[in-house]
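Analysis of the macromolecular model
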Amino acid sequence: VQLQASGGGLVQAGGSLRLSCAASGRTFSSLIMGWLRQAPGKEREFVAAISWSGRRTNYADSVKGRFTISRDNAKNAVFLQMNSLKPEDTAIYYCAAVFDYRDYASDKMNYDYWGQGTLVTVSS
């Protein structure tokens, strides 16, 4: 599986960005997808995950109500809509994937495939 993340950039606090992750190489609709991020000097942390059907999602408490994860299995893509952005959301955002026959989304997935990351910078 190859993952390509895009959509990062510089935005003012309160603004919005939409990240995209295009997947290729394996049946996308059987992959659980996630977004994780790593801020400078910090460990990588979970942001959101979505089950292969799209019916189940999971969010970190810090982004609940502001971020929305979605997927389009026909286009082999997963998205992260980020609204009401805060300076503390500044990080490199990674999309990740794992195959699992169970249709669920956990904040503790062990992902097998990773994209290259896209930088999100939120100015105050």
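Residues numbered from 1 in each chain as written. Predicted model: local features only at pLDDT ≥ 70, side-chain atom pairs only at ≥ 80, totals over all residues. Heavy atoms only, no water.

In this section: the packing of aromatic side chains. Scanning the model with the defined rule gives one aromatic pair in all. A ring pair is formed by Y111 and W114, whose centres lie 5.9 Å apart and whose planes are at 75 degrees; its orientation type is edge-to-face. A relative accessible area of 11% means that Y111 is categorised as buried. Positioned above the aromatic ring of F79, the side-chain terminus of R18 is 4.0 Å from the ring centre. (Phe/Tyr/Trp six-rings, centres within 6.5 Å; stacked < 30°, edge-to-face > 60°. Buried < 20%, exposed > 50% of the residue type's maximum accessible area, 1.4 Å probe, protein only. Lys NZ or Arg CZ within 6 Å of the ring centre and 35° of its normal.)

Here we come to the state of the cysteines. For the coordinates displayed, the defined rule picks out one disulfide. Here C21 pairs with C95 through a disulfide, and the sulfurs are 2.1 Å apart. Taking the sign of the S-S torsion, 60 degrees for the link of C21 and C95, the bridge is right-handed. Of this pair, C21 sits in strand 3 (residues 17-24) while C95 sits in strand 9 (residues 91-99), placing them 74 residues apart in sequence. Neither C21 nor C95 differs from the other in exposure class; each is buried. (Disulfide = S-S within 2.5 Å. Helix = DSSP H or I, 4+ residues; strand = E, 2+ residues; numbered from the N terminus.)

This brings us to unusual backbone geometry. The phi dihedral of N76 falls on the positive side, at around 55 degrees, and the residue is not glycine. Within the fold, N76 resides in the loop between strand 7 (67-72) and strand 8 (77-82). A positive phi angle, close to 50 degrees, is found at S84, a residue other than glycine.

This part covers the pattern of salt bridges. The tally for this structure, following the rule as stated, stands at eight salt bridges. In this structure, R56 and D103 form a salt bridge, with 3.3 Å as the shortest nitrogen-oxygen distance. Of this pair, R56 sits in the loop between strand 5 (45-50) and strand 6 (57-59) while D103 sits in the loop between strand 9 and strand 10 (113-114); the two residues are 47 residues apart in sequence, bridging distant segments of the chain. For R56, a relative accessible area of 43% puts it in the partly exposed group. Its salt-bridge partner being K64, residue D61 comes within 3.1 Å of it at the nearest N-O pair. D61 sits in the exposed class, given a relative accessible area of 65%. One connected set of salt bridges, linked through shared partners, spans R37, E45, R66 and D89. (Salt bridge = Lys/Arg side-chain N within 4 Å of Asp/Glu carboxyl O.)

Before going further, it helps to examine the sheet that holds strand 3. Here four strands make up an open sheet; going across it, the order is 1-3-8-7 and the pairing antiparallel. Where the open sheet ends on each side, the last strands, each with one partner, are strand 1 (2-6) and strand 7. Each strand of the sheet is rotated relative to its neighbour by a mean of 15 degrees, with strand direction disregarded. Inspection of the sheet shows strand 1 paired to strand 3 by five bridges, in the antiparallel sense. Bridge pairing in strand 3 links Q2 to S24. (Pairing = 2+ DSSP bridges. Axes fitted to C-alpha atoms, helices over the stretch in contact; angles between N-to-C directions.)

A few words on the pairing of strand 3. Residues L17, L19, C21 and A23 of strand 3 are buried on one face, while the alternating residues R18, S20, A22 and S24, pointing to the opposite face, are not. Sheet topology places strand 3 next to strand 8; six bridges connect them, and they run antiparallel. The residue bridging L17 from the neighbouring strand is M82, located in strand 8.

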